[in-house]
Structure formats: C-alpha cells, structure tokens
Amino acid sequence: MAKEKFPFQAEVSRVLQIVARSLYSHKEIFLRELISNASDACDRLRYLALTDPSLLGGGDTFKVTLGIDASERTLTVADNGIGMSRDELVENLGTVARSGTQGFVDQLTGDEKKDMALIGQFGVGFYSAFMVSRKVEVTTRKAGDETAWLWTSDGKGEFTIAEADRAHLGTTITLHLAKGEDEFLDRSRLESIVKAYSDHVAIPIVFADGEVEDTLNTASAIWTRPKGEVTDDQLNEFYHHVAHALDAPWHVIFNRVEGVLAYTNLLFIPSARPFDLFDPDRRHRVKLYVKRVFITDQAEALLPSYLRFLRGIVDSEDLALNISRESIQHDPKIARIRSGLVKRTLGELKKKADKEADAYAAFWKNFGAVLKEGIYEDFANREAILALSRFHSTGPEGLTSLDDYVGRMKDGQDAIYTITGEDLDVLRRSPQLEGFKARGVEVLLLNDAIDEFWIPAVGAYKEKPFKSVTQGSADLSKIADAPEAAGETPERAAEPAALVRLIAALKDALGDAVKDVRTSERLTESPTCLVADEGDMDMGLERMLRRHRDSTLGNTTPRVLEINPAHALIRRLAELAEREDDAEALGDSAHLLLDQARIAEGEPVPDPGAFARRLASIMEKGLAA
Ligand code: ADP
Ligand code: MG
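Because the structure is predicted, anything quoted here is derived from the model rather than measured.

Reading the values: rules and limits
- Every residue gets a number counted from 1 within its own chain, in the order that chain's sequence is written.
- Each chain gets a letter, beginning with A, and each ligand a number, beginning with 1, in the order they are written.
- Where totals are concerned, whole chains, interfaces and linings use all residues; where local detail is concerned, this predicted model gives features only for residues with pLDDT of at least 70, and gives and counts side-chain atom pairs only at 80 or more.
- Note: side-chain values were computed over all heavy atoms of the structure, leaving out hydrogens and water.
- In this analysis, strands are considered paired if DSSP registers two or more bridges between them.
- Only runs of H or I of at least four residues qualify as helices and only runs of E of at least two qualify as strands under DSSP, and these elements are numbered from the N terminus.
- Note on geometry: axes are lines fitted to C-alpha atoms, helical ones only across the stretch in contact, with angles between N-to-C directions running from 0 to 180 degrees.
- Any two residues having at least one pair of non-hydrogen atoms within 4.5 Å are treated as being in contact.
- Domain boundaries shown here were taken from an automatic or database domain assignment.
- By definition, the buried area sums, over both parts, the 1.4 Å-probe accessible area that each loses when the two are put together.
- Salt bridges, as used here, are contacts in which a Lys or Arg side-chain nitrogen is within 4 Å of a carboxyl oxygen on Asp or Glu.
- Nitrogen and oxygen atoms within 3.5 Å of one another constitute a polar contact, given that in protein one can donate a hydrogen and the other can accept it, and given that sequence-neighbouring residues count only through two side-chain atoms.
- Stacked, tilted and edge-to-face are the three classes applied to pairs of Phe, Tyr and Trp rings, where Trp contributes its six-membered ring and a pair requires centres within 6.5 Å; stacked means planes under 30 degrees apart, edge-to-face means over 60, and tilted covers the rest.
- Throughout this description, buried means an accessible area under 20% of the type-specific maximum (1.4 Å probe, protein chains only), exposed means over 50%, and partly exposed covers the range between.
- We count a charge as sitting over a ring when the NZ of a lysine or the CZ of an arginine lies within 6 Å of the ring centre and within 35 degrees of the ring normal.
- Grouping buried Ala, Val, Leu, Ile, Met, Phe, Trp, Tyr and Cys residues that are joined through side-chain atoms within 4.5 Å yields what is termed a nonpolar core.
- Orientation is classified from the angle alone, with under 35 degrees giving roughly parallel, over 145 giving roughly antiparallel, 65 to 115 giving roughly perpendicular, and any other angle giving oblique.
- The hand of a helix crossing depends on one turn: near helix anticlockwise from the far one by less than a right angle means left-handed, and clockwise means right-handed.
- Any residue outside Ala, Val, Leu, Ile, Met, Phe, Trp, Tyr, Cys, Pro, Asp, Glu, Lys and Arg is labelled polar, Gly included; the first ten of those are nonpolar and the last four are charged.

**Remarks on the sheet that holds strand S12 (residues 287-290)**
Moving on, step 1. Spatially, the five strands line up as an open sheet ordered S10-S11-S14-S12-S13, and their pairing is mixed. Strands with a single pairing partner mark the edges of an open sheet, and in this sheet they are strand S10 (251-257) and strand S13 (293-296). Between one strand axis and the next, the sheet turns through 20° on average, direction left out of account.
Moving on, step 2. Bridge analysis of S12 against S13 gives three bridges, and the strand direction is antiparallel. Residue pairing in the sheet places Tyr 289 in a bridge with Phe 294 of S13.
Moving on, step 3. Here helix H7 (residues 232-243) sits on the sheet and contacts S10, strand S11 (263-269) and strand S14 (311-316); the angle it forms with S11, its principal contact strand, is near 85°.

Below, the structure is given as structure tokens:
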C-alpha cells in the first residue's frame, strides 16, 4: 500500500514551530516525554491483558529500550506496550492530544520567552522529539492487530503513514538527530538523563548494545520503597512526572495505611496553581493503581472535587485487579479509601496551618478558593474545612481564621459580619462598612465567587451566625464603643419629624425602584447606601449570578435605600421636604441619591440619560444659588 500524506492540525503546527526554533536550554526533556509515553503504553496493555491475556502475544515483561546508531546518527526509544492502529496514529500524532500538550497550547502567549518556559513545564509530549530531530519515524503495531504502520515526519506541516513490517507489538520511535545534537548519541549522557528525569518509572528502561542490555533506572515504583529510602530529589522527580509540573511540591503526603483495607498514597500539593484547576469538569488528577498496576486517572469517586489540587497516586492491595473503571464509582472500598484520604489531607493541612502560618498563607492563596467548595459539598468535614479557611478582613493585616475573628469579637457582638464582592479594594471602601469600622467591629471581606454559595448554606460557625452587612437591618447600637470615642462630636442629626417627611417623600418619588427607605446605623461618611432586605437575595450573590448571566434572574430585586441622618446632604434634603413647594427638586434628588448609591456599589445606573439630565439640572441650580 502506498504512502498517505496528512497535514498536521493547526495547533500542532504552532507547537512544532516553537519547538523547531527552540532555544530551550533543557532539550533533553524530549527523552522524559518519550519514555513516559512508552511506559504509559505498557501500563495500558498490562491493564487490558488482565481481562484478555491473549493480547500480550507471549511475553509480559514490559520494558523501554534505548538504542543508538552512531553512524546513522539515530536514537531509538522502543516499547512493547499497547501500540497504535493507523487511525490512532493520525489522531494521536497529528492533533493535540490530551494532557501535556493541550495544557501547553492553552497557555501559549506568543511571547517567545514565556512560551519557551512552558515547554519545560508541560513537555509538549511527543512533539518535543522535534527539538533535537530533523526527522522522526514511528513504527508501531497495536496489540491484537496484524498490521504494523510507519509514521514519518520532518515536523514541517505534514506527516506520512504507510504499512510497515514489525514482528512484535509495541512502538519504536527513531529520531534522526539534527545537526549539533550528537550528545544524545552518548550512552553516559542518556544514562544521566534517565536518572534525572525518569528514575521512578516502574518498568525497566534498558540500554541495548548488541545483545547486552543494561537497566538504567531503579525500576521499582517509588511508592513501594520504604519511605526512609526515598530521597527528596526522587520525590521531586516523581512529582514532576505525575503532575506535569516544574515546581517543587508545597507538601508531600506519603504514607501506607494497613488494616482491613490496605493502601499507599503518595500525594503532592503543588506550590503553584496547575493550569487546569478551574476547568469546568473539576476533575481530580490522582492516579489509581491496584497492586502496582495502573488502573485509571479518572476514578472520580477516589477524591472529592474540592481536593483537585492534589497530584500523585493511590495504590491498593485490596481492590480487585480487574475492577472496571465503571464499577469504581460505586465500590464501597473506594469510598472508604476516599474518606481516609480526605481526613489525612485535611489533617496535614491543619498541621501546616498551626505550625507554619506563612507557608500556609501561600497554600491558601493558590487553593483556598477550591478547598472552600468543600464547605458546602462535604457536610461531614464542614467544620474542619471552615477551621482551615482564611479570610481578608477589616481587622488586623493579613489573613484571619474564623477562630481568631471570634476571639476578637466585641462585647454585645453576636454575629460574624461579612461582605461579599469581587474586588477587595472596592469592598474595603463599601459605605455599608462605615458604621462597623467606626465602632471597631471587624468585618470579613469575602472576595471569592465561591463565598456567595457556602455562606447561605452554612449559617453559623461555632454557633456564631454569619451576617451580611449588606442585608437586613444592622443593630449596631447593642455593640459597645460608639463612634464618639474618637473625641469628635458626632454630626447633629436631622430633626426626626423632618426625617419622617423626607423618607415619605423619597418613597413617593422612587416608587417601585426601592423596596423601602430607612435611616441607617451603618453609615458615618456617605449619605446613602443600598442593602438587601432580610430574606431577599444578598446583593453580592445577585451581582455574581448576573455576571454569569443566570437567565432565571428577572429584573434586579428592589433594594432598601438607607440614608444617613447625620449627613449634611440628608439634613438639607430633610429641610427641603418640610417646605412643600419644592416637590420636583426633591424628586430629582431622590433619583440621584438612589443612582449614586448604585454607583458606589459598582452597579450600572438603569437610565443613564435621566441620570445625566437630573445631575445637570441640580448642578445648574447649585451654581445659580
Ligand atoms: P500525552 O502523553 O500527554 O497524551 P503525547 O504528545 O506525549 O501526549 O502523546 C500523544 C498520544 O500518543 C498519547 O496520549 C498516546 O495515545 C499516543 N502515544 C504516544 N507515544 C506512544 C507509544 N509509545 N505507544 C502508544 N501510544 C503512544
Ligand atoms: Mg506523553
């Protein structure tokens, strides 16, 4: 059969261009990528052979074989794994496959330096072979198939596929090295690369020289070795491999659990946010092994989504080797391992939080928003997660825990006060905080979208209810330390009778645009603010849902307009309200008061034209006076 030509998918061509120009200083990572693919291929065949041993076609000792031919200037990486069919060749080596490469493409910036750094981080998988090769050949035969195939490309826009001869199943990658890449023909160089990047690989990586084969790696799964014999370097290297990461792990959770259900977990908490942390599927990336056989990296039931920052493996002696990927979802043993892993992880986090507050703050910055999903998703561990949570507040600098907040509560204060919104700086300037600040009552500033969800679900922490400062009434008078403590006389408030009349006039003018108009204890400097009525949706939540275009939301819920009786503007308006001849000017002022309260919230003014007209008219009168 003749050779067939195929173009690379556009994304692949982009990757290949970057790779070909590559000035990246650690080109040797191509070997890590090819070995990782080869060992994955062996893992996959081993798994399939559990139910269909005939697939193995004889031997079941898996290995990766490296070979060099100095006169041809080729390096080969061969495996006896699953192999690829013709269609899989086209799909896997012609488009952007899953994990590594897709993450790379998603993050490309067009800035050569940054993109280059990403190569190291993600490895760009198979395509990194073109960092050192002028031509790459892949011969492969899939387990169970009769036909073998040869894939060839110079990495410039297209590849070809033709039938090939191959006696045994598996894949051989032949790299025709580019000029200047002769170091990869040097056995000792290859050996040191394998040691540095691939020592943990659980199957032997052998160097073949004629009939002689030498194993270059330790070739036992790192988690099966006694903990004391595993060095930090080895842990790091394994982490880089399982997590597709380049940072050092922030924390390693490595232990064996014995008993009715035995398993080993080697889990890593990264020190930087993985690129896929906020993917909508919220999948965790921990790999499940049974008796050292890789089963799946999609065992959703193994860990809750809110721990999806974890990377690493779990290996159990006590699961059936032929456990199907579907039945994992309902396996009671998996459920028990899950709850053990959750307890262990939360326990480790607590230790870090108690002993190393600064380091913990770094963790919190990266993953706090994810961990907080557990507050409403995992009822059993809710208290533990709340205790691990950290928040910005109007109190002391830095982050605070709820326990510390509760310790600072004022006499007479019976609630944990909160305000939610997107932007910390905007939150800090919210008019609704003024009265709290003046009384020295601390308010938590909640600026993660997730906070809008767990707050209503939780209600209270250690019997102290959460209370939003932008919702319902605020009875601050019960709490000690009224504002005159500062030594200044508080502003004289408007006359009560005039205020009553002003409120009636404002309600009249604003009609359905507000739910109510009330005097406020919340305000010291601003003339007005908006709050949600008790029982209505809090303002931050509604704003957030609107941003995400929740179509079930109708018009904005009317708010309560609170006015500050001590503010000069409100006093003047109250005087105006007593003189009934100026009703129209009061109507304009009423709408302007409402609009500027909206603006202070960062909300749009519903009728900008009317707003501008009223503002101009009031300014004109002000200037004329
Ligand atoms: P990733 O490994 O992140 O999926 P790669 O670019 O490294 O991305 O590989 C793309 C795909 O090609 C793999 O997912 C796999 O399906 C296939 N592949 C690569 N090398 C081999 C191999 N030696 N044996 C079988 N399949 C392979
Ligand atoms: Mg790969």
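**Comments concerning the domain arrangement of the protein chain**
Moving on, step 1. Domain assignment breaks the protein chain into domain 1 (4-211), domain 2 (223-357), domain 3 (360-486) and domain 4 (496-624).
Moving on, step 2. The straight-line distance from the C-alpha centre of domain 1 to that of domain 2 is 27 Å.
Moving on, step 3. Each partner contributes residues to the interface: domain 1 has 20 residues there, and domain 2 has 18 residues.
Moving on, step 4. Buried area between domain 1 and domain 2, summed over both chains or domains, comes out near 1800 Å², and the portion from carbon and sulfur atoms is 57%.
Moving on, step 5. On inspection of domain 1 and its partner domain 2, the count reaches zero salt bridges.
Moving on, step 6. Where domain 1 packs against domain 2, one counts four residue pairs in polar contact (both at pLDDT 80 or more).
Moving on, step 7. Contributing elements (two or more residues each) for the side of domain 1 that touches domain 2: helix H2 (29-49), helix H4 (99-107), helix H5 (112-122) and helix H6 (187-198).
Moving on, step 8. Top contributing element to the side of domain 1 that touches domain 2 by residue count: H2, with five residues.

**Some remarks on the side chain of Arg 166**
Moving on, step 1. With respect to the element layout, Arg 166 can be found in the loop between strand S6 (158-164) and strand S7 (170-177).
Moving on, step 2. In terms of polar contacts, Arg 166 uses its side chain to reach the side chain of Thr 172, at 2.7 Å.
Moving on, step 3. Dropping the residues within four chain positions of it, Arg 166 is found in contact with Asp 79, Thr 139, Thr 140, Arg 141, Ala 148, Thr 171 and Thr 172.

**A look at the packing of aromatic side chains**
Moving on, step 1. Under the criterion given, the structure shown has 23 aromatic pairs.
Moving on, step 2. With 5.3 Å between their ring centres and 80° between their planes, Phe 126 and Trp 151 make a pair best called edge-to-face. Taken as a pair, Phe 126 in the loop between H5 and strand S4 (133-141) and Trp 151 in strand S5 (residues 148-153) lie far apart in primary sequence, 25 residues in all.
Moving on, step 3. Taken together, a centroid distance of 6.0 Å and an interplanar angle of 45° make the contact between Phe 391 and Trp 454 tilted. Of the two residues, Phe 391 is situated in the loop between helix H11 (382-388) and strand S15 (392-393) and Trp 454 in helix H15 (residues 451-458); the sequence distance between them amounts to 63 residues. Exposure class is identical for Phe 391 and Trp 454. Each is buried.
Moving on, step 4. Of the aromatic side chains, those joined through ring pairs into one cluster are Phe 6, Phe 8, Phe 126, Tyr 127, Trp 151 and Phe 159.
Moving on, step 5. The ring of Trp 250 is capped by Lys 352, whose NZ or CZ atom sits 4.8 Å from the centre of that ring.

**Some remarks on the nonpolar core**
Moving on, step 1. By size, the foremost hydrophobic cluster in this structure holds 69 residues, and its most contacted members are Phe 309, Phe 363 and Leu 371.
Moving on, step 2. Sort the elements by how many residues they give to this core and helix H8 (residues 332-355) lands first, with seven residues.
Moving on, step 3. In terms of domain composition, this core takes at least three residues from each of domain 2 (223-357) and domain 3 (360-486).
Moving on, step 4. Excluding residues that lie within four positions of it along the chain, Phe 309 makes contacts with Phe 268, Ile 269, Pro 270, Leu 277, Phe 363, Phe 367, Val 370 and Leu 371.
Moving on, step 5. With 65 residues, the next largest nonpolar core counts Ile 18, Leu 31, Ile 35 and Cys 42 among its residues.

**Structural notes on the pairing of strand S22 (residues 559-563)**
Moving on, step 1. Of all five residues making up S22, five are buried, and the element is well covered by its neighbours.
Moving on, step 2. Going residue by residue along S22, you find Arg 559, Leu 561 and Ile 563 tucked away on one face and Val 560 and Glu 562 tucked away on the opposite face as well.
Moving on, step 3. Strand direction decides the pairing type here: strand S20 (residues 514-519) and S22, joined by five bridges, are parallel. What sits directly across from Val 514, in S22, is Arg 559.
Moving on, step 4. The pairing of strand S21 (residues 528-531) with S22 spans four bridges and is classified as antiparallel. Of the residues in S22, the one forming a bridge with Leu 530 is Leu 561.

**Focus on the packing of H8 against helix H9 (residues 357-371)**
Moving on, step 1. Across the interface, H8 lies against H9 with an axial gap of 8 Å and an inter-helix angle of 140°. Here H8 is positioned oblique relative to H9, judged by the angle of their axes. When the axes of H8 and H9 are compared, the crossing they make is left-handed. Only Ala 357, Tyr 360, Phe 363 and Leu 371 of H9 make contact with H8, whose side of the interface consists of Leu 346, Leu 349, Lys 352, Ala 353 and Lys 355.
Moving on, step 2. Of the residues that constitute the contact of H8 with H9, the class distribution is seven nonpolar, no polar and two charged.

**Structural notes on the sheet that holds strand S3 (residues 74-79)**
Moving on, step 1. Judged by pairing direction, the sheet is mixed, and its nine strands sit side by side in the order S1-S6-S5-S4-S7-S3-S2-S8-S9 without closing on themselves. Strands with a single pairing partner mark the edges of an open sheet, and in this sheet they are strand S1 (4-7) and strand S9 (212-215). Shown here is a sheet whose adjacent strand axes are inclined to one another by a mean of 20°, direction ignored.
Moving on, step 2. The pairing of S3 with S7 spans six bridges and is classified as antiparallel. Within S7, the residue paired with Thr 74 across the bridge is His 176.
Moving on, step 3. Its contacts with the sheet place H6 against strand S2 (64-69), S3, strand S8 (205-209) and S9, and it is angled at close to 170° to S8.

**A closer look at the environment of Thr 400**
Moving on, step 1. Within the fold, Thr 400 resides in the loop between S15 and helix H12 (402-407).
Moving on, step 2. Judged by relative accessible area, Thr 400 falls into the buried class, the value being 4%.
Moving on, step 3. A C-alpha to C-alpha distance of 42 Å links Thr 400 and Glu 326, two positions 74 residues apart in sequence.
Moving on, step 4. Dropping the residues within four chain positions of it, Thr 400 is found in contact with Ser 389, Arg 390, Phe 391, Ser 393, Tyr 405, Arg 408, Glu 442 and Leu 444.
Moving on, step 5. Side chain to side chain, Thr 400 and Arg 408 meet in a polar contact 2.8 Å long.

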